[in-house]
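Structure assessment
In case you want the letters, here they are:
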Amino acid sequence: MSTATDLTLPTFDAFIEGQSVKPASGDYFETVNPYTSKVWARVARCGEAEVNAAVESAQRAFTSSPWATMTASARGALLHKLGDLVAEHAAELAEYEVRDNGKLISEMGAQLAYMPQWWYYFGGLADKIEGAVLPMDKPDTFNFTVHEPLGVVAAITPWNSPIMLLTFKLAPALAAGNTVVIKPSEFTSTSTLRFVELFEQAGFPAGVVNVVTGFGAEAGSALVDHPKVAKIAFTGGSESGAKVYQAAAKGLKQCTLELGGKSPNIVFDDADIDNAIKGVISGIFAATGQTCIAGSRLLVQDGIYDEFVKRLVDFAATARMGDPMNKDTQVDPVTTPPQYEKILRYIDIAKSEGAEVLLGGGPATERPECGESDFFIEPTIFAGVTNSMRIAQEEVFGPVLSIIRFKSDEQAVEIANDIAFGLAAGVWTTSIKRALSISKALRAGTVWVNTYRAISYMSPFGGYKQSGIGRENGVEAIREYLQTKSVWLSTADDVPNPFVMR
Ligand code: NAD
């Protein structure tokens, strides 16, 4: 990513204590529209100075702004107001995302239109976080618990769905009463900067929400190392997730991690084939496979294998690539140059491992519908994959599907679970008995039966195994941003023997 020298480009600065802040170094980097392959904006390259200022601002807001003494109901009302503003600005925010990450306007538009529900749900939850009065077993003693916010939360997001993944963190963190410093991906910072302007409009005190832009190794790492950060909420790849977890351990900080996946989509002999084909397509080619929940390992049972695979390939071959702003486009460009190279590298690895190309298998940048973009890759399907191949074990994060054949239910479960990841899984069957037994056996944080890629503010989301730690969404999510205090009151007239535990 290059230094931005064209001063005529739209410029995006950090956002600290309710103000746009220029980087002390004066450095900016470029942000590229993946469909035009052109630089369209410059973004502040923040370092330690901006991170320090942002964390101090968040800390002040936590301890001494009106936020610190605001009632939970008033906080909830602010979240509700923010939801209204997101609804009002959904189309504009979706366009920012498409320009920056190249994902379809149909996908980003639908995401943004749904986002207000997170703010309404967690706004409603803000004043329902109740402690307890405990039936204490000691005489003359009264004990109660309260759930309190942690302090400054560092929210670090990737490039694939910036506002949605940020909302998963911010809505519960703010409902719980924390303050936040956000570090968006260096590839897609602009929608986050436009989004945070809405907080001021909603009436959040300055400093409750701050943004530092820049690179993982600079702004990101300074943020997770900052001693006044109480909790890190991270979404990204496993490699940077491990570094962030190490930083959390060093500073003894709370940490939740939403990481990668290599999810199995399992089609049994008794499945409704038309629906299963659509589910498999949505699992791997929607968003060009650039989703953590991509169903990138397709397991198909012996009895329907030939027919299913043929019909799947025929369907996938009709997928329309093109301008992501066109509502009829189905497959968009890859978002970043390193990701484009990585996907092509994995296609070569699969070929060298002996997998058979049934569809695609290379760049699609020469196609007229792909315009000036340097980042289109053909929807690609490999057959003859065994679960020990790298193409079956490692996350590609692109439009590349690996098909594995299986015979029995036991074998399907064994293959599905034989992996380091455990984010999600799909099961296609018309048998309720099989649906329940297979979903119980799968080691994954989300199991979809006869559907795929369904997400809601009310259903917990997160990974088993190396796909993550902690949960986002649902009532569980707010607990990730709270700590419990136990308060003891003695009503005894005398303090008993001080040398014995009470
Ligand atoms: P990434 O790990 O490269 O970057 C994610 C974020 O972390 C970016 O903001 C980056 O600047 C920052 N970062 C990188 N190194 C850091 C460090 N040492 N300290 C602090 N911050 C650092 O991931 P990406 O390429 O942006 O996103 C793709 C990955 O995200 C995929 O692996 C995908 O599976 C995962 N993902 C997971 C979920 C989920 O909910 N489980 C959702 C979306 C994406």
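Residues numbered from 1 in each chain as written. Predicted model: local features only at pLDDT ≥ 70, side-chain atom pairs only at ≥ 80, totals over all residues. Heavy atoms only, no water.

**A few points about the sheet that holds strand 7 (residues 141-149)**
The condition is simple: Two strands form a pair only when DSSP identifies at least two bridges running between them. Runs of H or I in DSSP of at least four residues are treated as helices and runs of E of at least two as strands, each being numbered from the N terminus.
Strand order in this open sheet of 3 strands is 6-7-23, and the pairing throughout is antiparallel. With partners counted over all chains shown, the strands left at the sheet margins are strand 6 (133-134) and strand 23 (482-490), one partner each. Pairing of strand 6 with strand 7 involves 2 bridges; the strand directions are antiparallel. From the neighbouring strand, Leu134 faces strand 7, where its bridge partner is Asn143.

**Some thoughts on the domain arrangement of the chain**
The line we're drawing: Just so you know, the domain bounds were taken from an automatic or database domain assignment. Note on contacts: a residue pair is in contact if any heavy atoms of the two residues lie within 4.5 Å. The quantity reported as buried area is the accessible area (1.4 Å probe) lost by two parts once they are put together, taken as the sum for both. The definition of a polar contact used here is a pair of N or O atoms within 3.5 Å, where within protein one atom must be able to donate a hydrogen and the other to accept one, and adjacent residues in sequence count solely through side-chain atom pairs.
On domain assignment, one finds that the chain holds domain 1 (47-259 + 467-485) and domain 2 (264-449). Between domain 1 and domain 2, the C-alpha centre-to-centre distance is 32 Å. Each partner contributes to the interface: domain 1 provides 18 residues, whereas domain 2 provides 22 residues. Buried area between domain 1 and domain 2, summed over both chains or domains, comes out near 1600 Å², and the portion from carbon and sulfur atoms is 66%. Interface area lost by domain 1 to domain 2 is led by Leu104, Trp159 and Ser467, which between them contribute 36%. The interface formed by domain 1 and domain 2 holds 5 residue pairs in polar contact (both at pLDDT 80 or more) in total. Among the secondary structure elements, those contributing two or more residues to the side of domain 1 that touches domain 2 are helix 3 (72-101) and helix 4 (105-114).

**Side note on unusual backbone geometry**
If you check the backbone angles, Thr288 has positive phi at about 55 degrees while not being a glycine. Here Thr288 lies in the loop between helix 10 (273-284) and strand 14 (297-301).

**Quick word on the environment of Gly216**
Applied cut-off: Each residue's exposure class comes from its accessible area (1.4 Å probe, protein chains only) as a fraction of the maximum for that residue type: buried when under 20%, exposed when over 50%, partly exposed otherwise.
The residue Gly216 is located in helix 8 (residues 216-225) in this model. According to the relative accessible area criterion, Gly216 is partly exposed, its value standing at 36%. Between the C-alpha atoms of Gly216 and Ser240, which are 24 residues apart in sequence, the distance is 8.3 Å. Other than its neighbours up to four places away in sequence, Gly216 contacts Lys183, Glu186 and Ser221.

**Here we look at the environment of Ala132**
By the element assignment, Ala132 lies in the loop between helix 5 (116-125) and strand 6. Separated by 354 residues in sequence, Ala132 and Ser486 place their C-alpha atoms 9.4 Å apart. Sequence-distant contacts of Ala132, defined by excluding residues within four places in its chain, comprise Asn143, Phe144 and Thr145.

**What to know about the packing of aromatic side chains**
Definition in use: Here a Phe, Tyr or Trp ring, Trp counted by its six-membered ring, pairs with any other such ring whose centre lies within 6.5 Å, and the pair is stacked when the planes are under 30 degrees apart, edge-to-face when over 60, and tilted otherwise.
Within this structure, the stated rule accounts for 22 aromatic pairs. Ring plane angle 45 degrees and centroid distance 4.9 Å describe the contact between Phe29 and Phe215, whose orientation is recorded as tilted. With a gap of 186 residues between them, Phe29 in strand 4 (residues 28-33) and Phe215 in the loop between strand 10 (209-211) and helix 8 connect regions that are remote in the sequence. Neither residue differs from the other here; Phe29 and Phe215 are each classed as buried. Among the aromatic residues, those joined into a cluster by ring pairs are Tyr114, Trp118, Tyr121, Phe122, Phe168, Tyr457 and Phe461.

**With respect to a nonpolar patch on the surface**
Quick note on the threshold: For patch building, the residue pool is restricted to those with more than 30% relative accessible area and no salt bridge; the joining distance is 9 Å between like charges and 5 Å between nonpolar side chains (Val, Leu, Ile, Met, Phe, Trp, Tyr). Computed with the Shrake-Rupley method and a 1.4 Å probe, the accessible areas treat only the protein chains shown as cover for residues. Whenever a carboxyl oxygen of Asp or Glu lies within 4 Å of a side-chain nitrogen of Lys or Arg, that contact is scored as a salt bridge.
A surface patch of nonpolar side chains, amounting to about 270 Å² of accessible area, comprises Val133, Phe142 and Leu489. Mapped onto the fold, Val133 is located in strand 6. Val133 gets classed as exposed once you look at its relative accessible area, which sits at 57%.

**Some details on the sheet that holds strand 4**
For the record, the criterion: Helix axes are fitted to C-alpha atoms over the stretch in contact, other axes to C-alpha atoms as well, and angles between N-to-C directions run from 0 to 180 degrees.
One open sheet holds the 3 strands; their spatial order is 1-5-4, and the pairing between them is mixed. Edge positions in the open sheet fall to strand 1 (11-12) and strand 4, since each of these has one partner strand only. The strands touched by helix 3 are strand 1, strand 4 and strand 5 (38-44); relative to strand 4, the strand with the most contacts, the crossing angle is about 95 degrees.

**A few points about the site of the ligand**
For clarity, the cut-off: Nearness is defined per residue: one heavy atom within 4 Å of the molecule or strand is enough.
In the vicinity of the ligand there are 28 residues, among which Lys183, Glu186, Ser240, Leu259 and Glu395 approach most closely. Between Ser240 and the ligand, the recorded distance is 2.3 Å, taken from a side-chain N or O atom to an oxygen atom. The separation between a nitrogen atom of the ligand and a polar main-chain atom of Leu259 is 2.7 Å. Expressed as a share of its isolated accessible area of 850 Å², the protein-covered part of the ligand is 88%. Counting only elements with at least two residues in the shell around the ligand, the list comes to helix 8, strand 11 (229-235) and helix 9 (238-251). Each of two domains, domain 1 (47-259 + 467-485) and domain 2 (264-449), supplies a minimum of three residues to the shell around the ligand.

**Some points on the pairing of strand 4**
Counting buried residues along strand 4, 5 of its 6 residues qualify, which places the element largely inside the surrounding structure. Sheet topology places strand 4 next to strand 5; 6 bridges connect them, and they run antiparallel. Bridge pairing links Glu30 to Arg42 in strand 5. Linking two consecutive strands that pair antiparallel, namely strand 4 and strand 5, is a turn of 4 residues; a positive phi of about 60 degrees is found at Ser37 within it.

**Structural notes on the side chain of Thr256**
Turning to its location among the elements, Thr256 is positioned in strand 12 (residues 254-258). Within the structure, the side chain of Thr256 is placed 3.0 Å from the side chain of Lys231, a separation counted as a polar contact. Apart from the residues within four sequence positions on either side, Thr256 is in contact with Lys231, Ile232, Ala233, Phe234, Ile469, Gly470 and Glu480.

**A closer look at the pattern of salt bridges**
Under the counting rule described, the total for this entry stands at 22 salt bridges. Arg194 is paired through a salt bridge with Glu92; the nearest N and O atoms lie 2.6 Å apart. Here Glu92 lies in helix 3 and Arg194 lies in helix 7 (residues 190-202), a separation of 102 residues in the sequence. According to the relative accessible area criterion, Glu92 is partly exposed, its value standing at 31%. Notably, a salt bridge pairs Arg367 with Glu378, separated by 3.4 Å at the nearest N-O pair. Here Arg367, found in the loop between strand 15 (356-359) and strand 16 (380-383), pairs with Glu378, found in the loop between strand 15 and strand 16; they are 11 residues apart in sequence, far enough to count as distant.

**Observations regarding the packing of helix 14 (residues 409-417) against helix 15 (residues 432-441)**
As a reminder of what qualifies: Convention used here: angles under 35 degrees read as roughly parallel, angles over 145 as roughly antiparallel, angles from 65 to 115 as roughly perpendicular, and any remaining angle as oblique. Crossing handedness: left-handed means the near helix sits turned counterclockwise from the far one by under a right angle, and right-handed means the same turn made clockwise. Charged means Asp, Glu, Lys or Arg here, nonpolar means Ala, Val, Leu, Ile, Met, Phe, Trp, Tyr, Cys or Pro, and polar covers whatever is left, Gly included.
In contact at an axis separation of 10 Å, helix 14 and helix 15 are set at 30 degrees when each is read in the N-to-C sense. Between helix 14 and helix 15, the interaxial angle falls into the category roughly parallel. Crossing handedness for the pair helix 14 and helix 15: right-handed. Side by side, helix 14 and helix 15 meet where Asp409, Val413 and Asn417 of the first sit next to Arg434, Ile438 and Ala441 of the second. Residues that form the contact of helix 14 with helix 15 fall into these classes: 3 nonpolar, 1 polar and 2 charged.

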